[in-house]
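# Reading the structure
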Amino acid sequence: MAISFDNALGIHEQAVNVRVRRAELLANNIANSDTPNYKARDLDFQSILQGAQSGKSLPMTVTHQEHNSSIVNPDFAAELMYRIPNQPSVDGNTVNLQEEMARYTENAIDYQASFTFLDKKFKGLMGAIKGE
Amino acid sequence: MSLSNIFDIAGSAMSAQTIRLNTTASNMANAESVSSSAGETYRARKPVFELKALDELQPGAVPLGMQAGQGVNVAGIVESDMPLRQEYSPGHPMADENGYVYYPNVNVVEEMADMISASRSFQVNAEIMNTAKQMMQRVLTLGQ
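Since we're looking at a predicted model, the values are computed, not measured.

### Topic: the overall build of chain A
- When helices and strands are tallied, chain A shows 4 helices and 2 strands.
- Walking chain A from its N terminus toward its C terminus, one meets helices and strands in the order α-α-β-α-β-α.
- The buried share of chain A, taken over its 132 residues, is 30%.
- Once local pairs closer than 6 in sequence are excluded, the contacts in chain A between residues at least 24 apart make up 77%.

What follows is the structure, encoded as structure tokens:
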């Protein structure tokens, strides 16, 4: 009997991946908080999770035969979004440092949660293997 | 692992803010450096930040429209175009033949505000790096 890690670990592996990706995005937003004309971006976690749960990536229209659709990572198939600024600055920057920082911290906590679930899954598997 | 990208991103931001702090220090130090001609006078220096150019799209990597960016880059340091402060003081040893001395166009109040902004941004990015470090350390404990 083979163990399928995909079935055993469920959505948590993908969730951790998305959290890491979002942390990267938010870190980039914060890094560019003083860059003129930089537009803050973010992932729509909800739609990614729905895509991952239904097991199919969002469809991508191929407009040229040389366009390669195989490089699209289905985990991240939803488009990156631009934030709607509530108070844009004169230099065209839309990063709100406090908001981004709050989101980054929240994302780190969510990452820990997803990671703990993943960890428990592995511990469960270990327990099953050892017959404890 | 893209968590290590956060180190690059936050690191680039910290280095950019350091450059900004450096220019501020230089501007403040030279705020009163008088000169006898407009051409020789020190002008306030300002760094120009830009989004760091994305790497070439690698096979298997995240598609271009989805890439977060690689942090911040200092495109260059420009000298301010603000008019120089010209002062009539014939007794000054640096005065030109008309009795004028030229002061740099450094706005000390602006520089102080810039300095605080740079130092805060640096702090925030150090915090980002710290959180990313904790996240990575957690990965190492998987299954333990």
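### Section: the packing of helix α2 (residues 12–31) of chain A against helix α2 (residues 108–140) of chain B
- At a minimum axis distance of 10 Å, the contact between α2(A) and α2(B) shows a crossing angle of 165°. Classed by the angle they form, the pair α2(A) and α2(B) counts as roughly antiparallel. Between α2(A) and α2(B) the crossing geometry is left-handed. Along the contact surface, α2(A) presents A:Ala23, A:Ala27, A:Ile30 and A:Ala31, while α2(B) presents B:Val124, B:Asn125, B:Ile128, B:Ala132 and B:Met135.
- Of the residues assigned to the contact of α2(A) with α2(B), the class counts are 8 nonpolar, 1 polar and no charged.

### Quick word on the packing of α2(A) against helix α1 (residues 3–29) of chain B
- It is at 9 Å that the axes of α2(A) and α1(B) come closest, and there the two elements cross at 5°. On the basis of the axis angle, α2(A) is roughly parallel to α1(B). When α2(A) is examined against α1(B), the residues A:Val20, A:Ala23, A:Glu24, A:Ala27, A:Asn28 and A:Ala31 are found in contact with a partner set consisting of B:Leu3, B:Asn5, B:Ile6, B:Ile9, B:Ala10, B:Ser12 and B:Ala13.

### Things to note about the interface of chain A and chain B
- Contacts between the two partners involve 31 residues from chain A, matched on the other side by 31 residues from chain B.
- Those elements giving two or more residues to the side of chain A that touches chain B turn out to be α2 and α4 (97–130) of chain A.
- The element that contributes the greatest number of residues to the side of chain A that touches chain B is α4(A), accounting for 10 residues.
- Residues of the side of chain A that touches chain B, tallied by class, amount to 20 nonpolar, 6 polar and 5 charged.

### As for unusual backbone geometry
- A positive phi angle, near 65°, is found at A:Asn37, a position not held by glycine.
- Looking at the element boundaries, A:Asn37 is found in the loop between α2 and β1 (41–42).

### Considerations on the nonpolar core
- Ranked by internal contacts, the top residues of the largest apolar core, which has 29 residues, are A:Ala23, A:Ala27, B:Ala10 and B:Ile128.
- Listed by contribution, the elements that provide at least two residues to this core are α2 and α4 of chain A together with α1 and α2 of chain B.
- It is α2(A) that provides the largest number of residues to this core, a total of 10 residues.
- Not counting residues up to four positions away in its chain, the partners in contact with A:Ala23 are A:Tyr104, A:Asn107, A:Ala108, A:Tyr111, B:Ile6, B:Ala132 and B:Met135.

### Here's the deal with the confidence of the model for chain B
Residue and element names in this part refer to chain B.
- The share of residues in chain B with pLDDT of 70 or more is 89%, and the mean pLDDT across the chain is 87.
- Ranking the helices and strands of chain B by mean pLDDT puts α2 first, with 94, and strand β3 (residues 85–88) last, with 90.
- Two summary scores accompany this predicted model of the complex, namely pTM at 0.80 and ipTM at 0.82.

### A word on α2(A)
- Across its 20 residues, α2(A) extends 28 Å between first and last C-alpha, which sits within 8% of the 28 Å expected from 1.5 Å per residue.
- Burial analysis of α2(A) places 17 of its 20 residues in the buried class, the great majority of the element.

### Let's talk about the environment of B:Thr23
Residue and element names in this part refer to chain B.
- Here Thr-23 is to be found in helix α1.
- Judged by local crowding, Thr-23 falls into the buried class, with 20 C-beta atoms found within 10 Å.
- For the pair formed by Thr-23 and Lys-46, sequence separation is 23 residues and the distance between their alpha carbons is 6.4 Å.

About the criteria used
- Residues numbered from 1 in each chain as written.
- Chains lettered and ligands numbered in written order.
- Predicted model: local features only at pLDDT ≥ 70, side-chain atom pairs only at ≥ 80, totals over all residues.
- Helix = DSSP H or I, 4+ residues; strand = E, 2+ residues; numbered from the N terminus.
- Buried ≥ 20, exposed ≤ 12 C-beta atoms within 10 Å, placed from the backbone.
- Contact = placed C-beta atoms within 7 Å.
- Axes fitted to C-alpha atoms, helices over the stretch in contact; angles between N-to-C directions.
- Parallel < 35°, antiparallel > 145°, perpendicular 65-115°, else oblique.
- Left-handed = near helix turned anticlockwise from the far one by under 90°.
- Nonpolar A, V, L, I, M, F, W, Y, C, P; charged D, E, K, R; others polar.
- Core = buried A, V, L, I, M, F, W, Y, C linked by C-beta atoms within 7 Å.
- pLDDT = per-residue confidence, 0-100.
- Expected span 1.5 Å × (residues − 1).

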